[in-house]
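Structure assessment
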Amino acid sequence: MYKIIITLEELKEYLSEIMVVAFDFETAPYEKYRKEEKAALDAHKSHIVGISFSVAEGDGVYLPITHRIGQNATGLIEIWEWLAAFFADPTITKIAHNLAFESAFLYARGIVIQEPVYDTIAAAQLIYKNEKEFRSLGDCGLKTLVSEYFHEHLPSFSETVSSLHFDELDPGAEATIRYACADADYALRLYHLLNNWFDRFLPKHRFIVEKVESPTSVYVGMMRYDGLPIDRPLMERKGAEAALKLAGIKEKIAFIIGDINIGANASTVAFKRYLFDHLKLPNMKLTAKEQNALDDEAIILLKEWCEGNRPELVEMFSLVQEYRRWGKIKGTYIDGYLKYINSATGRLHPDLLPLATETGRFASKNPNCQNMPRAGADDIGVRNFITAPEGKVLLSLDFSQIELRVGAFYCKDEKMLEIFQTGGDIHSLTTAVIYKIPLAEAADKSHPLYKERRTIAKNCNFGTFFGLFPKGLQRTLKFKAGLEVDLEECESIIRNLKLGYPRLSRWQEEIKKRAEFRKYTETWLGRRRSIPDIASSVWSKKAFAQRVAMNTPIQGTAADILKLALGRIARGLPERPWLRPILQIHDELLFELPENRVKEAVIFIKNCMETKPFEVFSVPIVADASVGRRFGELHEMEVNVDV
């Protein structure tokens, strides 16, 4: 039965002596933003209109807070004081569908919801959709799941409110109460249904939902709310510079090729026709549809061919490379970011998606902040757009070589373990291994071959655990590191790598055999990834599946370690309201905080990140701290942490 309640006493009575409760927020925009599409989803532009709770199937209550008509709850100050304690209660499991949304709105009121928590949208994404794949985020909307699992139709938001906002509905009307309460009721039903599925088929995924993904959802809500402080004038100045640069490069290209439309990325049909039909250049690479490719790799190959055969065209391809680079800077990192600056905050609030990849790593959209170039890696200084307000600084904590540490833990190679346990340099060790030279020589920065050898060693390390092939190594070194290494040398490098790290090859063979038998691979905590193609008779499919079998335990376990750290940080944030999480990029966490709190913050965050993730993990974890006003100009800092 669904009903409305309007007093704190009724709320306390309904939630008394319960251990598990589902809740859901209804929101509506502030007056200034009522005509703005999707403003009700933004915790900076809208407010909580009402809260529904459910403690049993088919049951629910609705607490109206800020409806414009009808009767709202009385004694709201006392109600919110009680709710703050309720959402922090360590004895009650708090359930929501898309917990990051509720987390952001609570955070706007200074409340950090505390474990135990349970996000049913995260749980749904860890359920098999069919024999080969898990559900995607698009398959996990509440209405979709309710229809599929319970064969019930829940009215959509637009069906319920029509052209109104939720605060314009009468809270006492049956349709209003039913819509609000059903969301909490069915979140609770999903909690029981999905947990029953986990307990029967995949118990480790229940642990991941409860201890990894749901606390991560809370953290995501806070990051989304805080957002990235942006220096808009700097972005606009750099945008004007980039536009001039692009115009100049385009003019130079036109001087060479004439009046041919190259478009925004120099990959138009007209430009391809000019290259391959008019100039008769060779086909260096084909697309999936067996057309002439003109991606960055193809441009490099064409340029190299021209160096030996058509030297007069080399300059044109150099200009095309510059044109593309500047086009990406302007289109993606300036125009693309400016489009998403929030009108209420002047900040970027990207959608951070913790389950958007099969390994459990984060993705980002609107805009994508995961592919932001590292400091010094672009001509415009994109990271400098993120600038702390006056009196504040940005603090970055970055896991040091976390995937290599996880790989050493898995393969148990004695040399790898020793280098990490003694605080040594894994890249110098690999240099020594693949070139069969003393470690001292490998680490000697004055040696004439130091830089090239180290670059090769780094690329080997990042591909070591994923099944490195000579041709693949050659390709990586060529297109990512700009090094020309012949195939024979690549074969020698890999051979020496396997001889130098004998347990690595043994682990790789074991993991491939295990995956071929199970048709899946998994992280240490049990996050599963199906790989049916590992038994394929098609070599390319089988080889890719084998790489996935080796990649997922490493990359996925590293992702799990990061997410466990997010949960620890969230637990400590109520005592540190001055510490604002604003971004996650791969193995790096970014915070905004007062200048005088840096050391205190570093000690706290390092402890959260460097804590042993699970009992048997035998490799030290290191998080490096950097601080500064601009994200692109952070300086490293040393802080001793007593664990």
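Data block above holds the structure.
Residues numbered from 1 in each chain as written. Predicted model: local features only at pLDDT ≥ 70, side-chain atom pairs only at ≥ 80, totals over all residues. Heavy atoms only, no water.

Here's the deal with the overall build of the protein chain
Broken down by element type, the protein chain carries 22 helices and 17 strands. Per-residue burial over the protein chain gives 54% buried out of 643 residues. Within the protein chain, residue pairs in contact and separated by at least 24 positions form 68% of the contacts whose partners lie at least 6 positions apart. Across the protein chain, the centroid of the 84 positively charged side chains sits 5 Å from that of the 88 negatively charged ones. (Helix = DSSP H or I, 4+ residues; strand = E, 2+ residues; numbered from the N terminus. Buried < 20%, exposed > 50% of the residue type's maximum accessible area, 1.4 Å probe, protein only. Contact = heavy atoms within 4.5 Å. Lys, Arg positive; Asp, Glu negative; His and termini not counted. Charge placed at Lys NZ, Arg CZ, Asp CG, Glu CD.)

Regarding the environment of Tyr186
Checked against the element boundaries, Tyr186 lands in helix H7 (residues 174-201). Taking the relative accessible area as the measure of exposure, Tyr186 reaches 6% and is therefore buried. Along the primary structure Tyr186 and Lys458 are separated by 272 residues, whereas in three dimensions their C-alpha atoms are 50 Å apart. Among residues more than four places away in sequence, those in contact with Tyr186 are Tyr2, Leu142, Val146, Phe150, Glu152 and Leu154.

Section: the packing of aromatic side chains
With the rule as written, the count across this model stands at 28 aromatic pairs. A ring pair is formed by Phe25 and Phe87, whose centres lie 6.5 Å apart and whose planes are at 90 degrees; its orientation type is edge-to-face. Here Phe25 is found in strand E2 (residues 20-29), whereas its partner Phe87 is found in helix H2 (residues 76-88), with 62 residues between them in sequence. Of the residues examined, Phe87 reaches a relative accessible area of 0% and is grouped as buried. (Phe/Tyr/Trp six-rings, centres within 6.5 Å; stacked < 30°, edge-to-face > 60°.)

Remarks on the nonpolar core
With 188 residues, the main nonpolar core has Phe53, Leu275 and Ile605 as its most contacted residues. Looking at which element gives the most residues to this core, the answer is helix H12 (residues 314-338), with 12 residues. Val49, Ile177, Tyr179 and Ala180 belong to the second largest nonpolar core, which has 10 residues in total. (Core = buried A, V, L, I, M, F, W, Y, C linked by side-chain atoms within 4.5 Å.)

Concerning the sheet that holds strand E4 (residues 60-64)
What the six strands build is an open sheet, ordered E1-E4-E3-E2-E5-E6; its pairing is mixed. Looking at the sheet topology across the chains shown, the edges are occupied by strand E1 (2-4) and strand E6 (117-119). In this sheet, adjacent strand axes meet at a mean angle of 25 degrees when their direction is disregarded. As defined by bridge partners, E2 adjoins strand E5 (residues 93-96) across three bridges and the pair is classed as parallel. Note that in E5 the partner of Val20 across the bridge is Thr93. (Pairing = 2+ DSSP bridges. Axes fitted to C-alpha atoms, helices over the stretch in contact; angles between N-to-C directions.)

With respect to the sheet that holds strand E14 (residues 580-585)
Across the sheet, which stays open at both edges, the five strands sit in the order E14-E15-E11-E16-E17 with antiparallel pairing between neighbours. Both outer strands of the open sheet, E14 and strand E17 (635-637), are each paired with one neighbouring strand and no more. Each adjacent strand pair in this sheet contributes to an overall mean axis angle of 30 degrees, direction not counted. Across the sheet, helix H8 (residues 203-226) touches E14 and strand E15 (588-594), and the angle it forms with E14 is around 105 degrees.

Looking at the packing of helix H21 (residues 539-572) against helix H22 (residues 598-610)
Relative to each other, H21 and H22 sit at 145 degrees, their axes nearing to 8 Å. Where H21 crosses over H22, the handedness of that crossing is right-handed. Every residue of H22 that contacts H21 at Ala565, Arg568, Ile569 and Gly572 is listed here: Phe604, Ile605, Cys608 and Met609. In terms of residue class, the contact of H21 with H22 is made up of six nonpolar, one polar and one charged. (Left-handed = near helix turned anticlockwise from the far one by under 90°. Nonpolar A, V, L, I, M, F, W, Y, C, P; charged D, E, K, R; others polar.)

Structural notes on a negative patch on the surface
On the surface, a cluster of negative charge is contributed by Glu452, Asp486, Glu488, Glu489 and Glu491. No other element matches helix H19 (residues 487-500), which puts three residues into the negative patch. The residue Glu488 is located in helix H19 in this model. Judged by relative accessible area, which is 63%, Glu488 ranks as exposed. (Patch = residues over 30% accessible without salt bridge, like charges linked within 9 Å, V, L, I, M, F, W, Y side chains within 5 Å. Areas by Shrake-Rupley, 256 points an atom, 1.4 Å probe, with all protein chains shown as cover. Salt bridge = Lys/Arg side-chain N within 4 Å of Asp/Glu carboxyl O.)

Details of the pattern of salt bridges
Between side chains of opposite charge, pairing is possible as soon as their charged atoms come close. Here the structure, examined in full by the defined rule, presents 48 salt bridges. Of the charged contacts in the structure, one is a salt bridge between Asp167 and Arg68, with a shortest N-O distance of 3.4 Å. Of this pair, Asp167 sits in the loop between helix H6 (157-161) and H7 while Arg68 sits in the loop between E4 and H2; the two residues are 99 residues apart in sequence, bridging distant segments of the chain. Taking the shortest distance from any N to any O, the salt bridge between Glu312 and Arg310 comes out at 2.7 Å. Sharing partners across several salt bridges, the network here consists of Glu31, Arg34, Arg68, Asp167 and Glu168.

Observations concerning the pairing of E5
Burial along E5 is two-sided: Thr93 and Ile95 facing one way and Lys94 and Ala96 facing the other are all buried. Direction of pairing for E5 relative to E6: parallel, over a ladder of three bridges. Bridge pairing in E6 links Ile95 to Tyr118. The β-α-β motif built from E5, the intervening helix H3 (residues 99-108) and the parallel element E6 has right-handed crossover chirality. (Right-handed = clockwise from strand over helix to strand, strands pointing away.)

Some thoughts on the environment of Lys285
Topologically, Lys285 is positioned in the loop between helix H10 (269-278) and helix H11 (296-309). In this structure Lys285 comes out as partly exposed when scored by relative accessible area, which is 22%. Sequence-wise, Lys285 and Asp295 are 10 residues apart; in three dimensions their C-alpha atoms are separated by 8.9 Å. Separated by 2.6 Å, the side chains of Lys285 and Asp295 make a polar contact. (Polar contact = N/O pair within 3.5 Å; in protein donor to acceptor, adjacent residues only side chain to side chain.)

Let's talk about the pairing of strand E3 (residues 46-54)
Of all nine residues in E3, nine are buried; the element is thus mostly enclosed. In terms of strand pairing, E2 meets E3 through eight bridges, oriented antiparallel. Across the sheet, Asp24 pairs through a bridge with Ser52, a residue of E3. Taking the residues between adjacent antiparallel strands as the criterion, E3 and E4 are bridged by five residues, where Gly58 takes a positive phi near 80 degrees.

Observations concerning the side chain of Asn459
Within the secondary structure, Asn459 sits in helix H17 (residues 450-464). Every residue in contact with Asn459, bar those within four places of it in the chain, is listed here: Thr476, Leu477 and Ala481.

Details of unusual backbone geometry
Going from Glu115 to Pro116, the amide bond is cis rather than trans, its omega being 0 degrees. Each neighbour pair has its own omega, and for Asn366 with Pro367 the value is -5 degrees, a cis peptide bond. Within the element layout of this structure, Pro367 appears in the loop between strand E10 (363-365) and strand E11 (392-399). For Glu17, which is not a glycine, the phi torsion comes out positive at approximately 55 degrees. Its place among the elements puts Glu17 in the loop between helix H1 (8-15) and E2. Backbone geometry places Lys38, a non-glycine residue, at a positive phi of 65 degrees.

Here we look at the side chain of Glu403
Along the chain, Glu403 falls in helix H13 (residues 402-411). With residues up to four places along the chain from it excluded, the contact list for Glu403 reads Arg361, Phe466, Ile554, Gln555 and Ala558.

Comments concerning helix H20 (residues 502-518)
With 17 residues, H20 extends 25 Å between its outermost C-alpha atoms, agreeing within 8% with the 24 Å of an ideal straight helix rising 1.5 Å per residue. Packed against the buried residues of H20 are H13, H17, strand E12 (520-522) and H21. Of the residues one or two after H20, Lys519 is the one with positive phi, at around 70 degrees. (Expected span 1.5 Å × (residues − 1).)

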